[in-house]
Structure formats: C-alpha cells, structure tokens
Amino acid sequence: RKLIKSSPDSAFLHYELAGILDADGKLDEALKTLEKSLSIYPDAPLVKKRLAEVLAQLGRGNEALNVASSIDTAEYSRLTGLLARARALHFSGRLAEAQEAYQTVLNEYPYNTDALWGMIETSIYTGKLKSARAAIAKWEETDPDPRREKQKELLALSSSTILEMQAEYYSNSSDFTREIYGIDYSFNAGADLQLRTGYSHSDFAQIGFEDATRETLFVQGKQPVSEQVQFSGRLEVNEYDNNNTNINGNIAIQFHHLNTFISEIKYRHFDTIDTVLSFNNILNSYVVTIGSLWLDIQSDDYSLYLLYNPHPRVSLAGEFIHGEYSDGNTKNSLWLEAGYQIRYKPDIRVAYNYFYLDFKNAAGIFTQGSQSESAYWDPINFDTHTLRLEYSDDYNKRLSYGGKTALSYSPKSQGTSMTLSIFGSYKIRNRVSLRVDARWFDSNKGIDRAGSETGTWWANNYNISLQYRF
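Definitions and limits used
- Residues numbered from 1 in each chain as written.
- Predicted model: local features only at pLDDT ≥ 70, side-chain atom pairs only at ≥ 80, totals over all residues.
- Heavy atoms only, no water.
- Axes fitted to C-alpha atoms, helices over the stretch in contact; angles between N-to-C directions.
- Helix = DSSP H or I, 4+ residues; strand = E, 2+ residues; numbered from the N terminus.
- Parallel < 35°, antiparallel > 145°, perpendicular 65-115°, else oblique.
- Left-handed = near helix turned anticlockwise from the far one by under 90°.
- Contact = heavy atoms within 4.5 Å.
- Nonpolar A, V, L, I, M, F, W, Y, C, P; charged D, E, K, R; others polar.
- Pairing = 2+ DSSP bridges.
- Expected span 1.5 Å × (residues − 1).
- Buried < 20%, exposed > 50% of the residue type's maximum accessible area, 1.4 Å probe, protein only.
- Phe/Tyr/Trp six-rings, centres within 6.5 Å; stacked < 30°, edge-to-face > 60°.
- Lys NZ or Arg CZ within 6 Å of the ring centre and 35° of its normal.

This brings us to the packing of helix 2 (residues 11-23) against helix 4 (residues 45-57). One can describe the packing of helix 2 onto helix 4 by two numbers: an axis separation of 11 Å at closest approach and a directional angle of 25 degrees. With respect to each other, helix 2 and helix 4 are oriented roughly parallel. Two packed elements cross with a definite hand, and for helix 2 against helix 4 that hand is left-handed. Residues Tyr-15, Glu-16, Ala-18, Gly-19 and Asp-22 of helix 2 form the contact with helix 4, whose own contacting residues are Leu-46, Val-47, Arg-50, Val-54 and Gln-57. The residue inventory of the contact of helix 2 with helix 4, partitioned by class, reads five nonpolar, two polar and three charged.

Structure below.
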C-alpha cells in the first residue's frame, strides 16, 4: 500500500496487492484492486487470470469464464488463458468441467504445477482418486513444492477409512414411528474400489399394533471399470424379532456418455417397509405403515435412471421403476425433473418435478387384534407437480449449512403439500465431523384408492451422524 501511494499508476503493484487480498479472503477489495490494475494496463493476461479466479470465488462464474475467454490466445499467453479457464471452473464449483480443463493444460504442459495441483483437487472431490494419484506421481518428478505435500495430505484424508455413527427418527400421522441406530465402516480397497459395511438396529411401532425390531448387517461397494462405466451393489441381511429373516440387495451399472449424459440400470430386492429411505422419492416415502413388515412383503424393483446436462447450469433427469411385490401386486412409478443452477457459491438451484405412481391391485389388509391397516400405500394413477428450491453454502472452513423447500400439487386429490428440509455440518477437528438433518412434510388433502378424500397427512424425519476419518 505504501508503494502504491508513491506509484499509484503501477498496474503491477495493484496486481500484487490483489494477490495478498485474495489470499487473506478479502475478495471484494481484491476485485476492485484488479479492476484498477486493468484500467492502467488493459488486457494484461496475468491480471485477467487472477480476476477470473476472484470472480469465480465470489459466485460470479459466468463473468469469470468471460474474463478467462478474453485472454489473448497468442503463444505467449496461451498457458495463462488455459489455466484461467480451468481455475474459473474450479473455483465456481464446476469440478468435472474443471478437471477436463486441467487435463487440456497437462496435455500440452505435463509438468505445470498449477495444473497438477488443480487436477489433484478436482479429482479428489469428484471421487477419481486414481487420477489424483497419477497427478501426484507426475508432480513427484519435479522439484519439491509445499503445495504438493498439502495435496498428498488431502488425498490421504479423502481415501482414509471412515467410521460413522448414525441415529434416525421418523414419525407420521398414521401414528407410525421408526428409530434406527447404526454404525458404518467405509474404506478404499484399492484401484478406486470403495467398500462400506455396517450394522443397524431398527425399532418399528404403530399405535394399535405390536412393536417390531430388526437387526441389519450389510456390505456395499462401488467400482469404476473405466472413465465411462461404474458398477455398484449392496447385500444385506435383515433379522426381525417376529422370526422373519430376509436377504436383500441391489446391483447397478452406470454409464457416463460424453460428460453430459448419465444412464443407470438397477435391480433392487427389498422389504417394502423400506420403500424409499430418508425422504428420497417426492411423496412415496412419507406414507409408511407397519403392515408390510408383519405381512413380510418384499419387492423386486427394476429401474432406469437418466440424467442429461445440455448446459452446465441445466439438468434434465428421470427415472422409471417397475416393481413386482411378493403379494402378487405390481407397481409402476415415474419421475421427471428439470433443474436450473442459479448460482454455484452459494449453491442455489430451482427445479420442477413430476411424479407418478400406480398400483395394479389394492394392497392387502393387515389385522392385529381390533386394528386393521393397509399394508402399504397403493394409489391408482396418482401424480404430483412439484416446484423446489435448494440452497447450500460454506459459512467457513468448518461449518456448512443449507436446505430445500418444495411445494406440490396433486390433481387427483386437488391437494397441496409442503416439504422443508435443513441440514448443518460441522468439522469438529480435521478428521471428525458432525452432521444434523431435519425434514418435515405436510399435506392438506389426500385421496385413497377408491377416490375418497383422506384429509391431512404429515411426516417428520430427524438424522444425526458423527464421522471419524482414520
């Protein structure tokens, strides 16, 4: 600052000060300083590169890319322009695209340390640990660099063994409650094979019916076989205190096409008390009764999932599921979604979702004592239209938070429903973190299989997990 007072027209001094401000987290001031530098020396490649990085960190990703693209592509500034684009994508949170951009740099400049640093970080956060290891091995061929040691520590942390303890509570207006307590153990088995195993205890209760408990053991894995193909699967054993023992699981194959299109084919065998866990399926997961558990109803689901990103901010997705239940019933469900990413930092996204569910036959009735209950939700041609808003942000390096809210309309019942979920994640220490989730659902009007109005419906779900990395 003293030098700038004596030489206010030095573009270089403003550029250097902006670097210090950027490192100190004073991004707005860094932005003004860089703009001042460019006003003195227009089109300076290094100034534009740093400006693109600062704009990206401020959540102005499109502006950052425009600045990066304006750098002269002449030979003397080519590397600066390529790096500016990669880092603009990186700091905007568009990690998969950034990884491709860094690879473009490395194809021409294989020992560029800035590109190696970015390739390692984006590979780690997109789960491509093999690529991260390859970049570190390349970097090892050059002179010592403290940044390389930090990236090696990050890779070691990301590929470390994880122990996670979880607790979940669910309740709904059918007087049904579910409590789950579990512990998971995740580790990398080499060559990008991710394995996870664990145990959970579940308590199920519904007023007027006998309570039930369940012990679950599972193992699941995920293995990419190429850049375009990935396999995943899960095997679990459920032991109930009503003398039922069920073996469940799933297997899926996922294809990545041209970095803009993903498809997945999946088979899943499961107990219908677990139709969808943790509010993942618009409406279906809110409607749960204890009847399917006591009747020991299971399902074989066959699904096709598609995701297309015609633009970095636009996503088009859908999933069709055909289910065959052990009681002879069949289910067809479909959801379609169009989403738009408004911002990357903070992460703000809006989406429209269409959900359809149809059962061929009525569900069986479970009777215990003087109480009777449908075994599961069994609508005919039921659909909903949903608008959703999502938000998440990092308050600092330790605390992250966010939430989702959605408003749905069901033409068949002419009812509306509201969903709200919030979460907070706090890194207690470098290897210890705590996460809390809370979800609420409320519907003002429903409809049963015969077309009669069923009144209001609500559900709540709370989760807490403690994670430790070895």
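After that view of the structure, there is still more to cover.
What follows covers the pairing of strand 4 (residues 212-224). Note: strand 3 (residues 194-206) against strand 4, eleven bridges, orientation antiparallel. Its bridge partner lying in strand 4, Leu-195 is registered against Gly-221. Where strand 3 folds back on strand 4, the antiparallel hairpin that results is connected by five residues, among which Gly-208 adopts a positive phi of roughly 95 degrees. Between the end of strand 4 and the start of strand 5 (residues 229-240), which pair antiparallel, lie four residues.

Residue pairs spaced three or four apart in an α-helix point in one direction, given the helix's 3.6 residues per turn. With 13 residues, helix 4 extends 19 Å between its outermost C-alpha atoms, agreeing within 8% with the 18 Å of an ideal straight helix rising 1.5 Å per residue. Counting buried residues in helix 4 gives eleven out of 13 residues, a clear majority hidden from the surface. The set of residues buried in helix 4 consists of Pro-45, Val-47, Lys-48, Lys-49, Arg-50, Leu-51, Ala-52, Glu-53, Val-54, Leu-55 and Ala-56. Lining the buried residues of helix 4 we find helix 2, helix 3 (27-40), helix 5 (61-69) and helix 6 (78-91). Trailing helix 4 by a residue or two, Gly-59 shows a phi angle of about 85 degrees, which is positive.

Counting across every chain of the model gives 15 aromatic pairs. Judged by centre distance (5.5 Å) and plane angle (90 degrees), the ring pair of Tyr-325 and Phe-359 falls under edge-to-face. Within this pair, whereas Tyr-325 is found in strand 9 (residues 314-325), its partner Phe-359 is found in strand 11 (residues 347-359), the two being separated by 34 residues in sequence. With a relative accessible area of 2%, Phe-359 lands in the buried category. Both rings, one in Tyr-391 and one in Tyr-401, keep their centres 6.2 Å apart while their planes meet at 40 degrees; by these two values the pair is tilted. Of this pair, Tyr-391 sits in strand 14 (residues 382-394) while Tyr-401 sits in strand 15 (residues 399-410), placing them ten residues apart in sequence. A relative accessible area of 30% places Tyr-401 in the partly exposed class. Its guanidinium or amino end placed over the ring of Phe-270, Arg-268 lies 3.9 Å from that ring's centre, counting from NZ or CZ.

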